[in-house]
Each structure stands twice: as C-alpha cells, then as structure tokens.
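# Overview (structure and organization)
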Amino acid sequence: MTATRRSDSPARERANELIRAWDRRPGPLGNLLGRVTSVDQVGVEERVDSLKRRSIKKASKMWALDLSIRMMDLTTLEGKDTPGKVRALCVKAMRPQPGDPTIPHVAAVCVYPALVADASVATGFPSGQTFRDIKIAETRAAVDAGADEVDMVIDRGAFLSGDYAAVFEEIVDIKEAAGEAHLKVILETGELETYDNVRRASVLAMAAGADFIKTSTGKVTPAATLPVTLVMLEAIRDFERATGRQIGMKPAGGIRTAKEAIQYLVVLYETLGPRWMSPDWFRFGASSLLNDVLMQIEFQRSGHYADPDDFTLD
C-alpha cells in the first residue's frame, strides 16, 4: 500500500502552477485574489445592452440556432425524477426532432448522480451544504457510474465569509476525485451579491482546476443573466492570457427562448471569439429552451410557427 501526500497530487500541483502563472510569482492564494481587478458595473451593463441590440441576418440566425442545440445540456433535477423520465430525456437529447435528421443532438444530459446518463451534478447539489468527504465520495460514485462530466457547486457560505482557501481546497479535491471527467464548477451567482464577487469566484474556480465555470444551479433566483455571464467570460479571457489555459463557460437557469440564446452567443463571440463557439467550450444549461429553438428553426424555414403540441415536453 502506498500513500500520496495531498500537496503532491496531480490536481493540486496543476492548481499551484496556475496560481504561479496568474500571479507571475510564487505566493499564497491571497496574492492571486488580491490581483483580481474590480468590475465596472456600469460598463458591463452598457456593453450587454449594446450587444443585445445587434441585428442578425437569417443565415447567421439559422447557424446560431443549430449551434444552440449542439451546446445544450438537457437537464432534469427534480425530486420526482424517475428512470423513465431520464430515458425519455435521453431519447430527446439524441433526436430532438424525430423525422428531421438535419437537427443535431444536444451536448449532454444532466441528472442527479443516482440517474447518471452523460453528465451528473454532485457535491451536495444544489446547496453544497454537506461534508467534504461525502462530496468527494459522491463525485467518485458518479464517475464510476458513467458520468463524463460532473457539475459541483461551491460553498457560498465559505466564500462570502472570506474563507477562500476552503473553497479552493474543496474544488481541488473534487477535481482530483473526478479524474478524467470534466469538472464544471457552479458559482451560484445569484447568491454572490456583486460582480466583483462573481469575478473573484471565477478566478478562484479556474485556478483550482475547473474545466468549466457555470453560473447557476437553476434553483436560485436570479440564475443566469447576460451581465453576469459577461463578467465570467471576461475573467476567462484574462485567465487564458495569464496562464495559457482555455476554460469553458456554462450559463444555466432562466434561459428559455431562442432569442435569449442568440444574445448569449453574440456576447460570447464578441468577448472570447470564434474558438469558444463550440460545445467543447460553451454550454447552455436548459430544461425548456430546446422546444423554443425548434419552433424558431421551423419558422425560419417555412415562415410559420409550429404548434407547441408538435414537440415533446422536456
């Protein structure tokens, strides 16, 4: 039997390397967060308002609608979820519009760990209020059950009380437990109170090893918003410039219409550019968005809206 010191684990070594790259000199976690700049709230909101007014030509709109489907994580996270409901969701994920092979499949299906399909939430979702050992065990169990991606939620209580080290250490531990699975770190931005906190939490999660940062669980209001998403995208841009590491982004919760999805894609393109216009680097957490996108595709093709009853419920 052999043992590895926590400080020597691959996940922890990578996190330390990222901190050194961001800070440009060795130092504690406080140095990293101390170099996080404040957010210009007025500037962020004016930028979003400007981008929302962009006009999109029909060909570009069709491309964006297709991409929106390919970027979706279909999600069901209810206490009444059953294996049958999850199977039906997986069928819809693979064939969103039966009989129309031009409609692509979605990126993933996100469910509770006991109902693992392609992706799973873990770590005491949605509150994150449980023991770290349980969070680690749940993560390992989800991966062992077949999850390719794991969504964890940070401890907002620890973050808001200033215990950034606890938040950082927990993400590192969960990343290590996830192994080869991609780790999406949910900030629950609706509880972080300020844009400065959103930016600080974004940098903290990325430095700790997140493959994606995600706005919300969908269980707290407000969930995803365009201004918060812009703040997170700018943090991703600055983090890549400092460390060379590309991080993905997932807005989730409250995105229900094709129009909103296209607005998010415009903000994504104008902030991070074409490299992020891919399901590998951007996802929508969605439970009701898909049908509206399908209806908009039909409208763009025929000039007429389809009957909502023509689509299965998510």
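Residues numbered from 1 in each chain as written. Predicted model: local features only at pLDDT ≥ 70, side-chain atom pairs only at ≥ 80, totals over all residues. Heavy atoms only, no water.

## With respect to the pairing of strand S1 (residues 72-75)
Formally: Categorising residues by exposure relies on relative accessible area from a 1.4 Å probe, with only protein chains included: less than 20% of the type maximum marks a residue as buried, more than 50% marks it as exposed, and the intermediate range marks it as partly exposed. Helix numbering and strand numbering both begin at the N terminus, where a helix is a DSSP run of H or I of at least 4 residues and a strand a DSSP run of E of at least 2. Any two strands are treated as partners once DSSP identifies two or more bridges connecting them. For the handedness criterion, the strands are oriented away from the viewer, and a crossover whose path from the first strand over the helix to the second runs clockwise is classed as right-handed.
By the alternation rule, side chains of S1 split into Met72 and Leu74 and Asp73 and Thr75, which are all buried. As paired elements, S1 and strand S8 (residues 284-286) share three bridges and run parallel to each other. Opposite Asp73, over in S8, you have Gly285 as the bridge partner. As defined by bridge partners, S1 adjoins strand S2 (residues 108-111) across three bridges and the pair is classed as parallel. Looking across to S2, one finds that Asp73 is bridged to Ala108. Taking the sense of rotation as the criterion, the β-α-β connection linking S1, helix H5 (residues 83-94) and S2 turns out right-handed.

## Side note on the environment of Ala258
The test is simple: We call two residues in contact when some of their heavy atoms are within 4.5 Å.
The residue Ala258 is located in helix H11 (residues 258-272) in this model. We classify Ala258 as buried; its relative accessible area is 1%. Measuring from C-alpha to C-alpha, the distance between Ala258 and Ile297 comes to 9.3 Å, with 39 residues separating the pair along the chain. What Ala258 contacts, discounting residues up to four positions off in sequence, is Leu65, Leu289, Asp292, Val293 and Gln296.

## Digging into the confidence of the model for the chain
The condition that has to hold: What pLDDT expresses is the predictor's confidence in each residue, scored from 0 to 100.
Averaged over the chain, the pLDDT score is 87; the fraction of residues at 70 or greater is 88%. Ranking the elements of the chain by mean pLDDT puts strand S3 (residues 119-121) last with 68 and strand S7 (residues 248-250) first with 98. Confidence over residues 1-6 falls short of pLDDT 50; this stretch has five contacts with residues more than four positions distant or in other chains.

## Considering a negative patch on the surface
For clarity, the threshold we go by: Exposure above 30% relative accessible area and the lack of any salt bridge qualify a residue for a patch; like charges then connect within 9 Å, and the nonpolar side chains Val, Leu, Ile, Met, Phe, Trp and Tyr within 5 Å. The Shrake-Rupley method, run with a 1.4 Å probe, gives the accessible areas here. Residue values count only the displayed protein chains as cover. Salt bridges are defined by distance alone: a side-chain nitrogen of Lys or Arg within 4 Å of a carboxyl oxygen of Asp or Glu. Think of it this way: Lys and Arg go in the positive column, Asp and Glu in the negative one, and His and the chain ends go nowhere. The atom standing in for a charge is NZ when the residue is Lys, CZ when it is Arg, CG when it is Asp and CD when it is Glu.
On the surface, a cluster of negative charge is contributed by Asp40, Glu45, Glu46 and Asp49. Note on placement: Asp40 falls in the loop between helix H2 (29-34) and helix H3 (41-52). Its relative accessible area of 53% is what places Asp40 among the exposed residues.

## Regarding the packing of aromatic side chains
Quick reminder of the rule: Stacked, tilted and edge-to-face are the three classes assigned to paired rings of Phe, Tyr and Trp, where Trp is represented by its six-membered ring and a pair needs centres within 6.5 Å; plane angles under 30 degrees give stacked, over 60 edge-to-face, the rest tilted.
On inspection of all chains with the given rule, the structure shows three aromatic pairs. When the ring of Tyr264 is compared with that of Phe284, the centres are 6.2 Å apart and the planes differ by 85°; the resulting orientation is edge-to-face. Within this pair, whereas Tyr264 is found in helix H11, its partner Phe284 is found in strand S8, the two being separated by 20 residues in sequence. One exposure class covers both Tyr264 and Phe284, and it is buried. Each residue in the set Tyr264, Phe282 and Phe284 is aromatic and connected to the rest through ring pairs, giving one cluster.

## Some remarks on the pattern of salt bridges
Opposite charge on two side chains permits pairing when their charged atoms draw close. Under the counting rule described, the total for this entry stands at 23 salt bridges. Among the salt bridges present, the one from Lys85 reaches Asp81, with a minimum N-O distance of 3.2 Å. The partner of Asp151 in a salt bridge is Lys214, with the nearest N and O atoms 2.7 Å apart. Of this pair, Asp151 sits in strand S4 (residues 149-153) while Lys214 sits in strand S6 (residues 212-214), and the two are 63 residues apart along the sequence. What you see here is one network of salt bridges that share partners, running through Asp73, Glu149, Asp151, Lys184, Lys214, Lys250 and Arg283.

## Considerations on the pairing of S4
Most of S4 is tucked away: five of the five residues are buried. Residue alternation in S4 divides its side chains into two sets, Glu149, Asp151 and Val153 and Val150 and Met152, and both sets are buried. Bridging between S4 and strand S5 (residues 182-186) involves five bridges; their strand directions are parallel. Its bridge partner being in S5, Asp151 is matched across the sheet by Lys184.

## Remarks on the packing of helix H4 (residues 58-70) against helix H12 (residues 289-302)
Cut-off, in case you're wondering: What counts as an axis is a line fitted to C-alpha atoms, over the stretch in contact for a helix, and the angles between N-to-C directions run from 0 to 180 degrees. When an angle is under 35 degrees it counts as roughly parallel; over 145 it counts as roughly antiparallel; between 65 and 115 it counts as roughly perpendicular; any other value is oblique. Whether a crossing is left-handed or right-handed is set by the direction in which the near helix is turned from the far one by less than a right angle, anticlockwise for left-handed and clockwise for right-handed. Polar here means any residue other than Ala, Val, Leu, Ile, Met, Phe, Trp, Tyr, Cys and Pro, which are nonpolar, and Asp, Glu, Lys and Arg, which are charged; Gly is therefore polar.
Viewed as axis vectors pointing N to C, H4 and H12 meet at an angle of 150°, and their least axial separation amounts to 10 Å. In terms of orientation, H4 and H12 fall into the roughly antiparallel class. Note on packing geometry: the crossing formed by H4 with H12 is left-handed. Side by side, H4 and H12 meet where Lys58, Lys61, Met62, Leu65 and Ile69 of the first sit next to Leu290, Val293, Leu294, Gln296, Ile297, Gln300 and Arg301 of the second. Here the residues of the contact of H4 with H12 are counted per class, giving seven nonpolar, two polar and three charged.

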